[in-house]
Amino acid sequence: MKLPAFLRLLGLVLLGAGTASLPKERKRRDQTLGEGDSYAVLGNYDLGPDNYDEVIDLSDYEGLMDYGDQLPEVIVTSLVPPTRIGSTQSTVTPRTRSSKPAMSRPTMLGVLDSPSSHGLPTCLVCVCLGSSVYCDDTDLENIPPLPKTTAYLYARFNRIRQIRARDFQGLTKLKRIDLSSNSIFSIDDDALRLLPALQDLILPENQLAALPMLPASIEVLDVRLNRLQSSGIQPEAFRALEKLQFLYLADNLLDSIPGPLPPSLRSLHLQNNMIETMQSDAFCDSEEHKHSRRQLEDIRLDGNPINLGLFPSAYFCLPRLPTGRCC
């Protein structure tokens, strides 16, 4: 059935009016979106099940989703991110670990050419600070070569077994030697006798059975927890030590009180030995009743089998009675 002519003409006029308004609407949308928007404008189309395939051509779906040409090219040059410093950028290069670790020790005495028992310079194995040398717990088996200016030596908790005559040779400024907790069983007579400035000799927890000759400058002698026997102490060994103030001989194998003792002595520790008796002049001069030892205030004999009550005349010159078993 054919439509009348005037109806077809009317349809064309209405269609022209609708299409004429489309550019204006699209122009307004373009102005609203701006230049930076990149998606498509669909105008006044209403999407629905009936016309969806007219608006978007589904036959070219793979072409619509192909963004391969738009992806930016990424070039990886390093796993380390660039570091911004000020207004410039620089790439930080990772450090490579050296195959030879650096050894750093305080070395203020400058003696680095004398090898120790480790085959290394003393001040690399030990710590040298001023006139002090610290060699504690370093597995030493011998006294290492020491700087000539050494005044204080600490070499505790090692495996030193013997002190030789040459170990301290020429160390005229050495004041203190602390060799606690080693395995020392022997000390040469000339190893310590020629040290004019030595004041403190600290030797507890070793294996000594005898004492060497000591310099007259000694003030503190600590030989506790050894294997010291009375036969290992030379007669008159302490009389010449006119500056000796503290004598610690506890926890040994002594069977008598060593003597004669110097007048300078202030403290005598003999506890935990095997002493059963004492001489009447062990502390006081039996012929000089006016003699007084006011400085010797600390005498310990506890832990020995001796009965102090059996020797009352031995204490008359003392300001205080010894500590120990009585009666």
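Please read these numbers as outputs of a predicted model, since none were measured by experiment.

Participant: I would appreciate a short explanation of the overall build of the protein in the present structure.
Facilitator: Of the regular secondary structure elements, the protein holds four helices and 13 strands. Each of the 327 residues in the protein was classed as buried or not, and the buried ones make up 33%.

Participant: Looking at this structure, how should I read the confidence of the model for the protein?
Facilitator: When pLDDT drops low, the exact placement of atoms in the prediction is not to be read closely. The predicted model of the protein averages 76 in pLDDT, with 61% of residues at 70 or higher. Overall, residues 19–45 carries pLDDT values under 50, and its contacts beyond four positions in sequence, including any with other chains, amount to ten contacts. Throughout residues 52–114 the model reports pLDDT below 50, and contacts reaching past four residues in sequence, or to other chains, amount to 48 contacts.

Participant: Where do I start with the pattern of salt bridges in this structure?
Facilitator: Should the charged atoms of two oppositely charged side chains come close, the side chains can pair. Inspection of the entire model under this criterion finds nine salt bridges. Across the pair Asp222 and Arg224 runs a salt bridge whose closest N-O atoms are separated by 2.8 Å. Exposure remark for Asp222: the relative accessible area of 7% places this residue in the buried category. A relative accessible area of 31% places Arg224 in the partly exposed class. A salt bridge links Glu236 to Arg239; its shortest N-O distance comes to 2.5 Å.

Participant: Any chance you could explain the side chain of Ser217 here in plain terms?
Facilitator: With respect to the secondary-structure elements, Ser217 resides in the loop between strand E9 (200–202) and strand E10 (220–222). Residue classification places Ser217 among the buried positions, given a relative accessible area of 11%. Ignoring anything within four residues of it in the chain, the contact list for Ser217 reads Leu195, Pro196, Ala197, Leu198, Gln199 and Lys243.

Participant: Explanation requested: the nonpolar core in the structure shown.
Facilitator: The nonpolar side chains of a soluble globular protein tend to be buried with one another. If you look at the biggest cluster of nonpolar residues, it comprises 60 residues, and the most contacted ones within it are Phe168, Leu192, Leu221, Phe238, Met278 and Phe283. Discounting chain neighbours no more than four positions away, the residues touching Met278 are Ile257, Phe283, Leu301, Ile306, Leu308, Phe311, Ala314 and Tyr315.

Participant: Explain the state of the cysteines here, please?
Facilitator: Throughout the structure, instances matching the rule amount to three disulfides. Between the sulfur atoms of Cys123 and its disulfide mate Cys128 the distance is 2.0 Å. Measuring handedness by torsion sign, the sulfur bridge of Cys123 and Cys128 sits at about -90° and is left-handed. In this structure, Cys123 and Cys128 share a single accessibility class: buried. For the protein, the disulfide bridges join cysteines in the arrangement 1-3, 2-4, 5-6, where the cysteines are counted in sequence order.

Participant: Sorry, what's going on with the environment of Thr149 here?
Facilitator: Positionally, Thr149 belongs in the loop between strand E4 (132–134) and strand E5 (152–154). Sequence-wise, Thr149 and Gly170 are 21 residues apart; in three dimensions their C-alpha atoms are separated by 9.7 Å.

Participant: When you look at the packing of aromatic side chains in this model, what are you seeing that I'm missing?
Facilitator: The geometry of an aromatic ring pair comes down to the distance between the two centres and the angle between the two planes. Going through the model one piece at a time under the given rule, you end up with two aromatic pairs. Relative to Tyr154, the ring of Tyr134 lies with its centre 5.2 Å away and its plane at 5°, an arrangement referred to as stacked. Here the residue Tyr134 occupies a position in strand E4, and Tyr154 occupies one in strand E5, the gap between them amounting to 20 residues. A residue is classified by how much of its surface remains accessible, and Tyr134, at 33% relative accessible area, is partly exposed. With a relative accessible area of 16%, Tyr154 lands in the buried category. Considering the side-chain rings of Phe246 and Tyr248, the 6.3 Å spacing of their centres and the 40° angle between planes classify their relative orientation as tilted.

Participant: Looking at this structure, I do not really get the sheet that holds strand E3 (residues 127–129). What am I missing?
Facilitator: Pairing between the strands of a sheet is mediated by backbone hydrogen bonds and can be parallel or antiparallel. Pairing is mixed in the open sheet, where nine strands are placed in the order E3-E4-E5-E7-E9-E10-E11-E12-E13. Either end of the sheet is taken by a strand with one partner, and the two such strands are E3 and strand E13 (298–300). Each strand axis lies, on average, 5° off the axis of its neighbour in the sheet, ignoring direction.

Participant: Explain the side chain of Gln271 here, please?
Facilitator: Its place among the elements puts Gln271 in the loop between strand E12 (267–269) and E13. Once you skip the residues sitting within four places of it in the chain, Gln271 turns out to touch Ala250, Asp251, Arg300, Leu301, Asp302 and Asn304.

Participant: Which parts of the structure should I look at to understand unusual backbone geometry?
Facilitator: Peptide bonds are mostly trans, and most non-glycine residues show a negative phi. Of note, the amide linkage connecting Gly259 to Pro260 takes the cis form, showing an omega dihedral of 0°. Locating Pro260 in the fold gives a position in the loop between strand E11 (246–248) and E12. With a phi close to 60°, Ser181 is a non-glycine residue in the positive phi region. As for its placement among the helices and strands, Ser181 is situated in the loop between strand E7 (176–178) and strand E8 (186–187).

Participant: It is not clear to me how the environment of Asp178 should be interpreted in this structure. Could you clarify?
Facilitator: Topologically, Asp178 is positioned in strand E7. Exposure remark for Asp178: the relative accessible area of 4% places this residue in the buried category. Sequence-distant contacts of Asp178, defined by excluding residues within four places in its chain, comprise Leu153, Tyr154, Ala155, Arg156 and Ile202. A polar side-chain atom of Asp178 sits 2.6 Å from a polar atom in the side chain of Ser180.

Participant: Is there a simple way to think about the environment of Arg166 in this case?
Facilitator: Looking at where Arg166 falls in the secondary structure, it is placed in the loop between strand E6 (162–163) and E7. Between the C-alpha atoms of Arg166 and Asp188, which are 22 residues apart in sequence, the distance is 9.2 Å.

What counts as what
Residues numbered from 1 in each chain as written. Predicted model: local features only at pLDDT ≥ 70, side-chain atom pairs only at ≥ 80, totals over all residues. Heavy atoms only, no water. Helix = DSSP H or I, 4+ residues; strand = E, 2+ residues; numbered from the N terminus. Buried < 20%, exposed > 50% of the residue type's maximum accessible area, 1.4 Å probe, protein only. pLDDT = per-residue confidence, 0-100. Contact = heavy atoms within 4.5 Å. Salt bridge = Lys/Arg side-chain N within 4 Å of Asp/Glu carboxyl O. Core = buried A, V, L, I, M, F, W, Y, C linked by side-chain atoms within 4.5 Å. Disulfide = S-S within 2.5 Å. Phe/Tyr/Trp six-rings, centres within 6.5 Å; stacked < 30°, edge-to-face > 60°. Pairing = 2+ DSSP bridges. Axes fitted to C-alpha atoms, helices over the stretch in contact; angles between N-to-C directions. Polar contact = N/O pair within 3.5 Å; in protein donor to acceptor, adjacent residues only side chain to side chain.

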